[in-house]
Amino acid sequence: MILVTGGRGAVATHLLTLLVEAGRPVRVASSDPGRLRVPDGVTAVTCNLRDPATFPAALDGVTDVFLYAEPSHIVEFIGTAVTAGVGHVVLLSSSGVLEPGAAGDPLAMSHLDVETALLAAPLTTTILRPGSFAGNAGAWAWPIRAGRPVSLPYPGAHTDPIHERDLAEVAFTVLTDPRHQGRHLHLTGPESLTFTEQIERLAEITGRPVTVGHVTREEWKQEMADHIPGPYADALLDYWQAGDGRPVPLTDTVEQVTGHAPRTFATWVRDHIADFAG
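Residues numbered from 1 in each chain as written. Predicted model: local features only at pLDDT ≥ 70, side-chain atom pairs only at ≥ 80, totals over all residues. Heavy atoms only, no water.

(A) Region of interest: the side chain of Arg129. Following the sequence through the fold, Arg129 ends up in strand E6 (residues 124-130). There is a polar contact of 2.7 Å between the side chain of Arg129 and the side chain of Glu115. Those residues in contact with Arg129 that lie beyond four places of it in its chain are Ser93, Ser94, Ser95, Val97, Leu98, Glu115, His184, Leu185, His186 and Leu187. (Helix = DSSP H or I, 4+ residues; strand = E, 2+ residues; numbered from the N terminus. Polar contact = N/O pair within 3.5 Å; in protein donor to acceptor, adjacent residues only side chain to side chain. Contact = heavy atoms within 4.5 Å.)

Shown next as structure tokens:
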């Protein structure tokens, strides 16, 4: 039995579909399972990674877990998983843990803490370390629909956008093919693109004019104050500043694991074009 946590997430949603299509026994978990749309025959359970009381029932009878990186009660989660007989955990982590200052970066540290705990546990742990999610561009959907500029403090910052379907396919492979279990996989999209280049692709594919509003760090933090706490905003800004004008090194890990090249950012835009229409 495979438990997929974070059931409302984009990666988990696609992973669940792949597992069901392959006939694998799977259970999907969420802090609010009533909001999930699950295929026939799949049980949705409550598993709030911030509430250890929800762990035993969710993990009962489970052998493998797809886990989102939530550090607050990872020790309790691991203890419950081991007691339940879980043998393999696939962690959706971040390539941020590979950076020299990861231990002092609040974004990377949350993933690093979970990795450290799992690697010290009597479990086989496979770690997925993606760079930038292509889905991060979804944050631009509202200003684009409203005909407003997209605020960017570092328009020339490079990222390596990876499609959530590619992450789901990698997760599916490592969950179902023992040859990949225990690996630490650095995953990127096929291109290093600046934010300006991503905006240009969005405009071209959607047919909507999109402009960039070049803002200061403080202006951007003020815009995002209701959505991103200050320390995390600072960490993001530092990450973008470090990548300003500097292409991201790419890996071929997605192709090695899945057998096909990762999907382009343009493909992601086409797959989500309805989000930018309005």
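Back to the text.
(B) Focus on the pattern of salt bridges. Within this structure, the stated rule accounts for eight salt bridges. Here Arg129 and Glu115 are joined by a salt bridge, their closest N and O atoms 2.7 Å apart. Of this pair, Arg129 sits in strand E6 while Glu115 sits in helix H4 (residues 106-119), placing them 14 residues apart in sequence. Overall, Arg129 belongs to the buried group, its relative accessible area being 12%. When its relative accessible area of 3% is taken as the criterion, Glu115 is described as buried. In this structure, Arg217 engages Asp238 in a salt bridge whose closest nitrogen and oxygen atoms are separated by 2.9 Å. With a gap of 21 residues between them, Arg217 in helix H8 (residues 217-223) and Asp238 in helix H9 (residues 230-242) connect regions that are remote in the sequence. Residue Arg217 is classed as partly exposed on the basis of its relative accessible area of 25%. Each of Asp166, Glu169 and Arg263 takes part in one network of salt bridges that share partners. (Salt bridge = Lys/Arg side-chain N within 4 Å of Asp/Glu carboxyl O. Buried < 20%, exposed > 50% of the residue type's maximum accessible area, 1.4 Å probe, protein only.)

(C) The nonpolar core, seen in detail. Judged by nonpolar contacts, the single largest core of 26 residues is most densely connected at Val4, Leu15, Phe66, Leu128, Val170 and Leu187. At the level of elements, strand E1 (2-4), helix H1 (10-21), strand E2 (26-30), strand E5 (88-92), helix H6 (164-176), strand E9 (184-187) and helix H10 (253-258) are the ones that each hand at least two residues to this core. Of the residues forming this core, the biggest block, six residues, is contributed by H6. Among residues more than four places away in sequence, those in contact with Leu15 are Val4, Phe66, Ala168, Ala171, Phe172 and Leu175. Judged by nonpolar contacts, the second largest core, of 25 residues, contains Leu193, Ala233, Leu237 and Trp240. (Core = buried A, V, L, I, M, F, W, Y, C linked by side-chain atoms within 4.5 Å.)

(D) Spatial organisation of the packing of H1 against H6. For the pair H1 and H6, interaxial distance at closest approach is 8 Å and the crossing angle is 50 degrees. Judged by the angle between their axes, H1 and H6 are oblique. The way H1 lies across H6 gives a crossing that is right-handed. Side by side, H1 and H6 meet where Ala10, Val11, His14, Leu15, Leu18 and Leu19 of the first sit next to Glu164, Arg165, Leu167, Ala168, Glu169, Ala171, Phe172, Leu175 and Thr176 of the second. In terms of residue class, the contact of H1 with H6 is made up of ten nonpolar, two polar and three charged. (Axes fitted to C-alpha atoms, helices over the stretch in contact; angles between N-to-C directions. Parallel < 35°, antiparallel > 145°, perpendicular 65-115°, else oblique. Left-handed = near helix turned anticlockwise from the far one by under 90°. Nonpolar A, V, L, I, M, F, W, Y, C, P; charged D, E, K, R; others polar.)

(E) Main features of H4. End to end, H4 covers 20 Å across 14 residues, agreeing with the expected 20 Å (1.5 Å per residue, within 8%). Inspection of H4 places Ala108, Ser110, His111, Val114, Glu115, Ala117 and Leu118 among the buried residues, and these make up the whole buried set. As for H4, its buried residues are in contact with strand E4 (64-68), helix H3 (74-84), E5 and E6. Looking at where H4 begins, the residue whose side-chain oxygen comes 2.8 Å from the main-chain nitrogen of Leu107 is Asp105. (Expected span 1.5 Å × (residues − 1).)

(F) Up close: the pairing of E6. Summarising burial for E6: six of the seven residues are buried, a large majority. With five bridges joining them, E5 and E6 adopt parallel strand pairing. Residue pairing across strands places Val90 opposite Thr126, the latter belonging to E6. Note: E6 against E9, four bridges, orientation parallel. Looking across to E9, one finds that Leu128 is bridged to Leu185. (Pairing = 2+ DSSP bridges.)

(G) Just the packing of aromatic side chains, in detail. Using the criterion set out here, one finds seven aromatic pairs in the structure. Ring centres 5.2 Å apart and planes at 80 degrees place the aromatic pair Phe55 and Phe77 in the edge-to-face group. Of the two residues, Phe55 sits in helix H2 (residues 55-59) while Phe77 sits in helix H3, which places them 22 residues apart along the sequence. Comparing Phe55 with Phe77, the two get one shared label, buried. Between Phe195 and Trp240, the ring centres sit 5.4 Å apart and the planes meet at 90 degrees, which makes this aromatic pair edge-to-face. Here Phe195, found in helix H7 (residues 195-206), pairs with Trp240, found in helix H9; they are 45 residues apart in sequence, far enough to count as distant. (Phe/Tyr/Trp six-rings, centres within 6.5 Å; stacked < 30°, edge-to-face > 60°.)

(H) The environment of Tyr154, seen in detail. Of note, Tyr154 is situated in the loop between strand E7 (150-152) and strand E8 (158-159). Separated by 144 residues in sequence, Tyr154 and Ala10 place their C-alpha atoms 26 Å apart. In this view, Tyr154 contacts Phe195, Arg217, Leu237, Trp240, Gln241 and Asp244; residues no more than four positions away in its chain are not counted.

Bear in mind that shape data such as this cannot, by itself, settle questions of function.
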